[in-house]
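Structural description and commentary
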Protein chains: 2
Amino acid sequence: LEQIDPDVPSPGIVIPILNWLGTTQMFWDSDLGKSIETIAYSLYRKPNAALEARADAIIDMYEKLQAPDGYLNSFFQRIKPEWQWTNLRDFHELYCAGHMIEGAVAYYQATGKRKFLDVMCRMADHCVKKFGRGPGQVRGYCGHEEIELALVKLARVTGRQDYMDLAKFFVDERGQTPNFFVEEARAHGRDPKGVQKSTLEYNQSHLPVREQAKVVGHAVRAMYLYAAMADLATEYNDDSLTAALETLWADLTRKQMYITGGIGPAAANEGFTDHYDLPNDSAYAETCASVGLVFWASRMLGRGPDRLYADILEQALYNGAITGLSLDGKTFFYDNPLESSGKHHRWTWHPCPCCPPNIARLVASLGSYIYQVADDEIAVHLFAESEARVELANGARFTLRQETDYPWSGDISIAIDPEVPARFAVSLRVPAWAREARLMVNGQPVDPGAVGAEGYIRIEREWTKGDSLAMTLPLEPRLLRAHPAVRQDAGRVAIMRGPLVYCLEGADNGAGLNSVLLRHGLGAAQTATIPDLRGAIAIDLPVLRESGESWGEALYAEKAPETEPGQARLVPYHLWDNRAPGEMLVWLRQAAE
Amino acid sequence: LEQIDPDVPSPGIVIPILNWLGTTQMFWDSDLGKSIETIAYSLYRKPNAALEARADAIIDMYEKLQAPDGYLNSFFQRIKPEWQWTNLRDFHELYCAGHMIEGAVAYYQATGKRKFLDVMCRMADHCVKKFGRGPGQVRGYCGHEEIELALVKLARVTGRQDYMDLAKFFVDERGQTPNFFVEEARAHGRDPKGVQKSTLEYNQSHLPVREQAKVVGHAVRAMYLYAAMADLATEYNDDSLTAALETLWADLTRKQMYITGGIGPAAANEGFTDHYDLPNDSAYAETCASVGLVFWASRMLGRGPDRLYADILEQALYNGAITGLSLDGKTFFYDNPLESSGKHHRWTWHPCPCCPPNIARLVASLGSYIYQVADDEIAVHLFAESEARVELANGARFTLRQETDYPWSGDISIAIDPEVPARFAVSLRVPAWAREARLMVNGQPVDPGAVGAEGYIRIEREWTKGDSLAMTLPLEPRLLRAHPAVRQDAGRVAIMRGPLVYCLEGADNGAGLNSVLLRHGLGAAQTATIPDLRGAIAIDLPVLRESGESWGEALYAEKAPETEPGQARLVPYHLWDNRAPGEMLVWLRQAAE
């Protein structure tokens, strides 16, 4: 906070300059932005005067720090003013502004206080002047996308078209020729190729966005860009953007996504490599990247319910994102491998603290991902104990209350209470994996054939107080295999139950999880609650285990290992590493029998 | 060479100082030492005046550079004299001396010229004064073992017991308490834990050598240490050293060695990790480390023939070491993975050029690994076209000539031509994998039960001119499995033929090698010569291939991939990446049938 407060001396550079000539200290503002955003969501649900006062104090500092021309960034004002706007590619200035804007919008929505929003509008005004195609303006964009989706939020809450247009400008300019980052580097006497990881693919500026067909580079950057593209496609009804997004979506979910919804296998670029390259034990699959996938998927629903997006949203949320957080909420995974020899554990802190506030703001705002409204319709994308108070554009006002133990149970009760009887539609997602879902409206079964092409059952009627929906999703465990081109999963199977990926853990099964072979498919699988994981559901299965003892001392031999029958227990992947440390394995071997 | 020549100005630091406060420039002398050693072996076999003149010129420079007190190291004389003997742990001073001594010994043996040998004796004399347990002496040793085995060689060629004793001192002192490296760091004001990778395990100084039971740390360092220990165990008849070596040998070959004889799976420490941790695609398995294993194995034979060591020597030589070199001899592997997605290729050069001269000196001196003599016996450890001129301590003088196409063929003819009839024994190794080896002496079959406990057939008799041995080793391909604790090989098989590990390569089998499933074991395997790999033997097999096309677009699905029958070709692992670039795989899947 010393970095922000104009009343105390500048702390100078606390974190060393690295070989890309920057420091993670440059993005401190972004973490405060995310934190204020999280505080806002939390205040919205439950007032907390002390927390609010703390946020107000930080906002006061930022207001005081802001330059007369609207510029605001504590690092580039207090530590290195001479570096302002000199390196859009690496220095994260617009990225920080974006997270501050998201924080300001959320704080305004939660508290009604405009101060932070006004501060960030002045910064946005500064950017509107600075960036554009007009004379004297910079035709540039940020190396780490984020400002784009933030400006959309700001435009929506303020009604300011120029903010929306600036977001569109940043997206449209990206990857145009001549490449801005190459030109910028030359203009400042830097080697355009001289910086670590600084391929143009790394920040998705290698091609104009509408020509991009493969998901590349840093995973979080890619997700934030696509999220903004999806918002703009909706706002401008831009079919060329939508077409590019559909191509990128198919590329990601058909060729580059872990079964957990984890994305970006490589630590080297925190991002993507080749199609079908999904190593399990070295998977990077950063928590933030799955959070970003949730953001993107949610925005792909902006044009209407479609389980092509909502199914993946749920898969990434329950497996790729939530796994980042320990059950006690105190420790965090940054990378999320699908296999561990027992040495991978959650951190209490990290030198680049991006993931904790990111998963926090996602969890705190979960409500906005469950439901979505149109003029005369509410869509239920996710199933979770919740209550929504809704007013549709067509005038219908009602409360929708979900009661469910999902994802442990597949029974979901929904009570709909309009103040006065009202006509509107409720669209319920039927996940693609739920092949025999059943729905009853006020006790009357609905034809299962009512599932539409996009995977939703749409019930349009006049709703009156006391109306209820009862949906049952079958949660039998499923055996999944990966595309034969995924060499790391060759010959192996993964087990899912509902939206949850399961894994073997050392805590239940001892060491040597790769000696475990599944038998008889899943016919003999049984479920049980796990007392030390808050009543989560485990899957128990008969297995064979290869025996190391009977094998002997040789490392290599011309014989097959002997096997012994036994039982194995699978637990939900997102709950792993909450008990005794040990091995973990998602992709399992199968017995030949 | 500017660094050595005292007649030109010092070039200064050409290679930057890294975060361990050193630079690879510190070991340039060692590369020259290895190069002179290689030149020596080559001159021994075939004179080359130009090459010899070049070596002589370098030796002249070193003679001129040597300090009056015998000290010799071009970096610490010409570039950083103030750093002399200040950091035995990291600065490789004794290591460089060791390689120069090895070069000097080999050059003396090949050419009879004493100059370099005398120079290095003066350096060794300097070390004899400097290091020891006497007053004013340093009780230290080198962070990178090498001087120990070099001093043994120097002692053997000069008959100087003080050199042998210094080697023993270095080995005996290693890992004693208080730890020398900890004390040295403190004495120079450095943090004993402050240097990258500088655990005591990294350089095997964590325990006295006789108490070490697990092979740890940097693989090449470990091999050089154990090689010296084996020499000293022989020289001093030291059973406590032998016992430690047997424990370490079992640890390495039963828990930490790739089937290729590659060792040291991790790039991070260029060395060892946990027992049974043998990742295939990220295997480091440095070429130099397998060369070091050959050195160690060869010295374990110092107490007599034993295939426990000679089999591994052969396995590491043909698969772990030779693989480093391309067929045209121009490019080099540093790391030797057992699986590649197609991006791993040999280098033409490398910033740390240790492997090329190391593999070169091994190849150039191969003859000394094939045969070994005792007072009245010659052991044939390896099978290769070769001719040895031998004089035994019992007075027998003879020529032994091997004619064979091994390892492509299992037929080995050995002609023994004594000048006059003489009594001595010929011991022939029968590899453990060769279960039905046949041997004939002058056309008469030898009882197959004649294989001794150590795996050699010993033929003791009076040999006369024209005597011959004919051995036939069965080379049927073998299917091997790894210990069930090796998670990376779980459920997979590797194929060997004789001493050679085989692999699938993209050049023969296209992409997607993890979609290939072996059928029917090896019953239907056939061999064929490969014209574009100098007549090497390939193994052709019926397989099933999982089909990506019939699978469809989904990345994950509840179905098994369809398979199609086909043929696959396996080639010797050491020959991979000599044709069109592509995937490579050693550990193969098997069909369930």
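In the block above lies the structure referred to throughout.
Residues numbered from 1 in each chain as written. Chains lettered and ligands numbered in written order. Predicted model: local features only at pLDDT ≥ 70, side-chain atom pairs only at ≥ 80, totals over all residues. Heavy atoms only, no water.

Things to note about the side chain of A:Q256
Going by this rule: Segments assigned H or I by DSSP are reported as helices when at least four residues long, segments assigned E as strands when at least two residues long, and all are numbered from the N terminus. Contacts described as polar in this section are N or O atom pairs within 3.5 Å, which, within protein, must combine one atom able to donate a hydrogen with one able to accept it, while residues neighboring in sequence count only if both atoms come from side chains. Should any heavy atoms of two residues lie within 4.5 Å, those residues are considered in contact.
Its location among the elements puts A:Q256 in the loop between α10 (239-255) and α11 (287-300). Looking at A:Q256, its side chain comes within polar contact range of the main-chain oxygen of A:V215, at 2.9 Å. Among the polar contacts listed, one links the side chain of A:Q256 to the side chain of A:D251, at a separation of 2.8 Å. Those residues in contact with A:Q256 that lie beyond four places of it in its chain are A:K214, A:V215, A:D251, A:I263, A:F272, A:T273, A:D274, A:H275, A:L278 and B:L555.

Things to note about the environment of A:I359
Residue and element names in this part refer to chain A. The criterion, for reference: Buried means the residue's accessible area, taken with a 1.4 Å probe over protein chains only, is under 20% of the maximum for its type, while exposed means over 50%, and partly exposed covers the values in between.
Summarising the element assignment, I359 is placed in helix α13 (residues 355-364). Of the residues examined, I359 reaches a relative accessible area of 0% and is grouped as buried. When the C-alpha atoms of I359 and S290 are compared, they prove to be 9.4 Å apart, with 69 residues separating the residues in sequence. Excluding its chain neighbours within four sequence positions, the residues that come into contact with I359 are T287, V291, A321, I322, L325 and F332.

Some words on the interface of chain A and chain B
Rule in force here: We define buried area as the total accessible area lost by two parts upon association, computed with a 1.4 Å probe and summed across both. Any Lys or Arg side-chain nitrogen located within 4 Å of an Asp or Glu carboxyl oxygen qualifies as a salt bridge.
Across the boundary between the two partners, chain A contributes 47 residues, which contact 47 residues of chain B. Note on chain A versus chain B: buried area summed over both sides is about 3700 Å², and carbon and sulfur give 52% of it. It is A:R487, A:L555 and A:Y556 in chain A that bury the most area against chain B; as a group they hold 22% of the surface buried on that side. The interface formed by chain A and chain B contains twelve salt bridges. Here A:E558 makes a salt bridge to B:R478, at a shortest N to O gap of 3.8 Å. Of all the secondary structure elements, the ones that give two or more residues to the side of chain A that touches chain B are α10, β12 (478-482), α16 (548-551) and β18 (556-557) of chain A.

Observations concerning the relation of the copies chain A and chain B
Note the following rule: The copies were overlaid with a least-squares fit restricted to C-alpha atoms from residues scoring a pLDDT of at least 70 in each copy.
Least-squares fitting of chain A to chain B yields an RMSD of 0.0 Å, with the superposition described by an axial translation of 0.0 Å and a rotation of 180°. Overall, the copies show the geometry of a two-fold rotation axis. Of the C-alpha atoms belonging to chain A, the one lying closest to the rotation axis is found on A:A592, 2.5 Å away. The fraction of interface residues of chain A whose copies in chain B are also interface residues reaches 100%, indicating that both copies meet through the same surface.

Concerning the packing of helix α1 (residues 28-45) of chain A against helix α2 (residues 49-65) of chain A
All names here are of chain A. Filter applied, for reference: For helices, the fitted line uses only the C-alpha atoms of the stretch in contact; every axis is such a line through C-alpha atoms, and the angle between N-to-C directions lies from 0 to 180 degrees. Working rule for handedness: look at the near helix, and if it is turned counterclockwise from the far one by less than a right angle, call the crossing left-handed; if clockwise, right-handed.
It is at 10 Å that the axes of α1 and α2 come closest, and there the two elements cross at 145°. Note on packing geometry: the crossing formed by α1 with α2 is left-handed. For the pair α1 and α2, contact is made by D29, L32, I36, I39, S42 and L43 and by L51, E52, A55, I58, I59 and Y62, respectively.

Side note on the pattern of salt bridges
Applying the stated criterion across every chain yields a total of 91 salt bridges over all chains. A:D118 is paired through a salt bridge with A:R114; the nearest N and O atoms lie 3.3 Å apart. Judged by relative accessible area, which is 29%, A:D118 ranks as partly exposed. Residue class for A:R114 comes out partly exposed when judged on its relative accessible area of 40%. A salt bridge links B:R174 to B:E145, with the shortest nitrogen-to-oxygen separation between them at 3.0 Å. With B:R174 in the loop between α7 (161-173) and α8 (180-187) and B:E145 in the loop between α5 (115-130) and α6 (147-158), this residue pair connects regions lying 29 residues apart in the sequence. Accessibility classification places B:R174 together with B:E145 in one group, the buried group. Each of A:R156, A:D231, A:E235 and A:R299 takes part in one network of salt bridges that share partners.

Side note on the pairing of strand β6 (residues 411-418) of chain B
All names here are of chain B. Convention followed: DSSP calls a pair of strands paired once it identifies at least 2 bridges connecting them.
For strand β5 (residues 397-404) and β6, the ladder comprises seven bridges, and the chain directions are antiparallel. Considered in β6, the bridge of T399 is made with D417. Between the end of β5 and the start of β6, which pair antiparallel, lie six residues. In the sheet, β6 pairs with strand β11 (residues 467-472) via six bridges, with the strands oriented antiparallel.

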